[in-house]
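Survey of secondary and tertiary structure
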Amino acid sequence: MVAHASVRGSVVTAVLGEFARHGGDPDDILDRYGLTGAILADPWTTVPLARYVAMFEEMANRLGDPLLGARLAVGTRPVDLGPAGLVMARSGSVKIALARLSRFVNSLQSGTHSALRESDDLLVWTYRLNDPAIWPRRQDAEFTLSTVIRLVRAAFDPDWRPIEVQFEHAPPSAGAARSLRRLLGCPIRFDAASNGMTLALDEANARFRDEDRDLIAVLERFLIDFTPPESLADKWRDRVLALIVTYLGQQPITIERLAADLMLSPRSLQRRLAEEGTSLRALLRSHREELAEHHLQAGASNLGNLAEALGYADGTTFWRAHRNWTGKSPSAARPQRRQLKSGPDDKASDL
């Protein structure tokens, strides 16, 4: 599934259009990545996900705008996402809208997973790209989360805001972090286990409208037919990995908890994973290793925060685990100690 991950050409076209509006040269970007306007003009065209993410990062670099992805989301409308955006906008509540978005996200971008879970009086929505080799991917994450927030405001309440937004990457600078917080209008936590946002469950469940059941049925039928079959029937390892991403750093990850979520007995889940040549222990360790490698190579400076994001009790426990994986300490894996850079936005007040 990862090898064939792609994004709809209409999404790429929309991003390129905004890039041009901000002074960029879309033709040069297209040429560099082996695309043409004629190719993207076909509504059924798809672009390899890794190529799209790399294009997005380069566009931000060329414009010198670390917040390009988040800024591009400002003008997004539900109709811009086609049936997926429309079914979300016509949902009866924010929770239902996010559940439908999670279900049909692969109609827009395959090789992607999003999930929704309840925790006490909170609702947590998470988003990630399945392939850990696609990195950096900050622009895609900030564009996606900003777009979802924008769509919820457009469909339900212009003043709506989540309790917190989480990003798996570090901020490019202290000023950019403050600017992104003002742009989204809510607290942001960086270096998290995954991208996502936390909402108040009672607000997410509040009914805003009566749904047009016939229209919703037509839109969902189209989306089911349009979504790649493999995304509707993930392997058990993919389903378990999706739950690991959702829970890591938030709640303990046990075979009992995951089996209950997947409506299996713990023994049945263990057997199905074994049939696919893996186990919960192996999947959890692999995911932690991948996250740790990316964060350390990016220069993560606070090992305590990284340990928390990886679901360890403290930095010492993470240090021992990393030493066991690689034979060296986390600090030795970093290219150099990283500090947030100052930028023009650093002078702005932190709201």
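A quick note: this is a predicted structure, and the numbers were derived from the prediction, not measured. (Residues numbered from 1 in each chain as written. Predicted model: local features only at pLDDT ≥ 70, side-chain atom pairs only at ≥ 80, totals over all residues. Heavy atoms only, no water.)

**Some words on the overall build of the protein**
This is how it is decided: Put simply, DSSP H or I for four residues or longer makes a helix, DSSP E for two residues or longer makes a strand, and each gets a number counted from the N terminus. Under the scheme applied here, a residue whose accessible area is under 20% of the maximum for its type counts as buried, over 50% as exposed, and between as partly exposed, the area being computed with a 1.4 Å probe on protein chains only. We call two residues in contact when some of their heavy atoms are within 4.5 Å. For the area figures, the Shrake-Rupley method with a 1.4 Å probe applies, and any residue is considered shielded solely by the protein chains shown. We treat Lys and Arg as the positive residues and Asp and Glu as the negative residues; His and chain ends play no part in the count. Each charge is placed at NZ for Lys, CZ for Arg, CG for Asp and CD for Glu.
When its secondary structure is counted, the protein shows 19 helices and seven strands. Taken along the three principal axes of its C-alpha coordinates, the protein extends 50 × 50 × 40 Å. A buried classification covers 50% of the 351 residues belonging to the protein. Intrachain contacts of the protein at a sequence separation of at least 6 include 70% that bridge at least 24 residues. Counting only carbon and sulfur atoms, one obtains 49% of the accessible surface of the protein, whose full area is about 16,700 Å². Distance between charge centroids for the protein: 4 Å, based on 44 positive and 44 negative side chains.

**Considering the nonpolar core**
Note the cut-off: Buried Ala, Val, Leu, Ile, Met, Phe, Trp, Tyr and Cys residues form a nonpolar core when they are joined through side-chain atoms within 4.5 Å.
By size, the foremost hydrophobic cluster in this structure holds 67 residues, and its most contacted members are Tyr52, Met59, Val165, Phe167 and Met197. Here this core gets eight residues from one element, more than from any other, and that element is helix α8 (residues 138-155). Not counting the four nearest positions on each side in its chain, Tyr52 is found in contact with Val7, Val11, Val12, Val15, Val47, Gln109, Asp140 and Phe143.

**Observations concerning the environment of Leu81**
Summarising the element assignment, Leu81 is placed in the loop between α5 (68-72) and α6 (83-89). Here Leu81 falls in the buried class, since its relative accessible area comes to 19%. Expressed as a C-alpha distance, the spacing of Leu81 and Arg178, which sit 97 residues apart in the sequence, is 28 Å.

**Here we look at the packing of aromatic side chains**
When we look at a pair of aromatic rings, we describe it by the centre distance and by the angle of the planes. Which entries qualify depends on this criterion: Stacked, edge-to-face and tilted are the three classes for Phe, Tyr and Trp ring pairs, Trp counted by its six-membered ring, which pair at centre distances within 6.5 Å; planes under 30 degrees apart are stacked, over 60 edge-to-face, the rest tilted. Whether a charge sits over a ring depends on NZ of Lys or CZ of Arg being within 6 Å of the ring centre and within 35 degrees of the ring normal.
This model, assessed by the stated rule, comprises seven aromatic pairs. Centre to centre, the rings of Trp125 and Tyr127 are 6.3 Å apart; their planes meet at 15°, and the pair counts as stacked. Classification of Trp125 as buried rests on a relative accessible area of 1%. Among the aromatic residues, ring-to-ring pairing joins Tyr52, Phe56 and Phe143 into one connected group. Lying across the ring of Trp236, Arg239 places its NZ or CZ 4.3 Å from the centre. Across from the ring centre of Tyr312, 4.2 Å away, lies the NZ or CZ of Arg288, which sits over that ring.

**Quick word on the side chain of Glu57**
Condition: What makes a salt bridge here is a side-chain nitrogen of Lys or Arg within 4 Å of a carboxyl oxygen of Asp or Glu, nothing more.
Within the secondary structure layout, Glu57 lies in helix α4 (residues 49-63). There is no salt bridge for the buried Glu57, and the closest opposite charge comes from Arg138, which lies 4.7 Å off by N-O distance. Among all residues touching Glu57, those that are not within four sequence positions of it are Pro136, Arg137, Arg138 and Gln139.

**Things to note about the sheet that holds strand β5 (residues 164-166)**
What counts is decided by this rule: The pairing criterion is simple: DSSP has to find at least two bridges between the two strands.
A sheet is described by the order of its strands in space; here five strands give the open sequence β3-β4-β7-β5-β6, paired in mixed fashion. The open sheet is flanked by β3 (112-119) and β6 (188-189), the only strands paired with a single partner.

**Brief notes about helix α16 (residues 280-297)**
Defined as follows: To estimate the expected span of a helix, subtract one from its residue number and multiply by 1.5 Å.
Between its terminal C-alpha atoms α16 stretches 26 Å, which fits the 26 Å expected from 18 residues at 1.5 Å a residue. For α16, the secondary structure elements touched by its buried residues are α13 (236-247), α14 (255-261), α15 (266-275), α17 (303-309), α18 (315-326) and α19 (330-333). Looking one or two residues past α16, Gly299 carries a phi angle of roughly 90°, positive in sign.

**Remarks on unusual backbone geometry**
Of note, the bond from Trp135 into Pro136 is cis; its omega dihedral lies within 30 degrees of zero at 0°. Among the structural elements, Pro136 can be located in the loop between β4 (122-129) and α8.

**Side note on the pairing of β4**
Most of β4 is tucked away: seven of the eight residues are buried. In this structure, β3 lies alongside β4, joined through eight bridges in antiparallel fashion. Paired with Arg117 across the bridge in β4 is Val124. The turn linking β3 back onto β4 is made up of two residues, and Asp120 within it adopts a positive phi angle of 60°.

**Thoughts on the pattern of salt bridges**
Counted according to the given criterion, the structure contains 13 salt bridges. Its salt-bridge partner being Glu18, residue Arg21 comes within 2.9 Å of it at the nearest N-O pair. Highlighted residues: Arg21 and Glu18, both in helix α1 (residues 9-21), separated by three residues, approximately one helical turn. For the salt bridge of Glu220 with Arg100, the shortest nitrogen-to-oxygen distance reads 3.0 Å. Within this pair, whereas Glu220 is found in helix α11 (residues 213-226), its partner Arg100 is found in helix α7 (residues 94-104), the two being separated by 120 residues in sequence.

**Side note on the confidence of the model for the protein**
Quick reminder of the rule: Known as pLDDT, the predictor's confidence for each residue is given on a scale from 0 to 100.
Mean pLDDT over the protein stands at 86; residues scoring 70 or higher make up 91%. By mean pLDDT, the top-scoring element of the protein is helix α10 (residues 201-205) (97), and the lowest-scoring one is helix α12 (residues 229-232) (50). Note that pLDDT drops below 50 for residues 337-342; the model gives that stretch 14 contacts with residues more than four away or on any other chain. Contacts of residues 344-351 to residues separated by more than four positions or lying in other chains number 18 contacts, the stretch itself having pLDDT below 50.

**Observations regarding the packing of α13 against α16**
Packed helices, taken two at a time, are described by the angle their axes make and the gap between the axes. We apply this condition: Geometry is summarised by axes, namely lines fitted to C-alpha atoms with helices restricted to the contacting stretch, and by angles between N-to-C directions that run from 0 to 180 degrees. Reported orientations rely on four angle classes, namely roughly parallel under 35 degrees, roughly antiparallel over 145, roughly perpendicular from 65 to 115, and oblique for the rest. In this scheme the crossing of two helices becomes right-handed for a clockwise turn of the near helix relative to the far one and left-handed for an anticlockwise turn of less than a right angle. Note on residue classes: Ala, Val, Leu, Ile, Met, Phe, Trp, Tyr, Cys and Pro are nonpolar, Asp, Glu, Lys and Arg are charged, and everything else, Gly too, is polar.
Contact geometry of α13 with α16 gives a least axis separation of 10 Å together with a crossing angle of 55°. Between α13 and α16, the angle falls in the class oblique. For the pair α13 and α16, the crossing hand works out as right-handed. Contacts from Arg237, Val240, Leu241, Ile244 and Val245 in α13 reach Leu280, Leu283, Leu284 and His287 in α16. Looking at the contact of α13 with α16 residue by residue, the classes come out as seven nonpolar, one polar and one charged.

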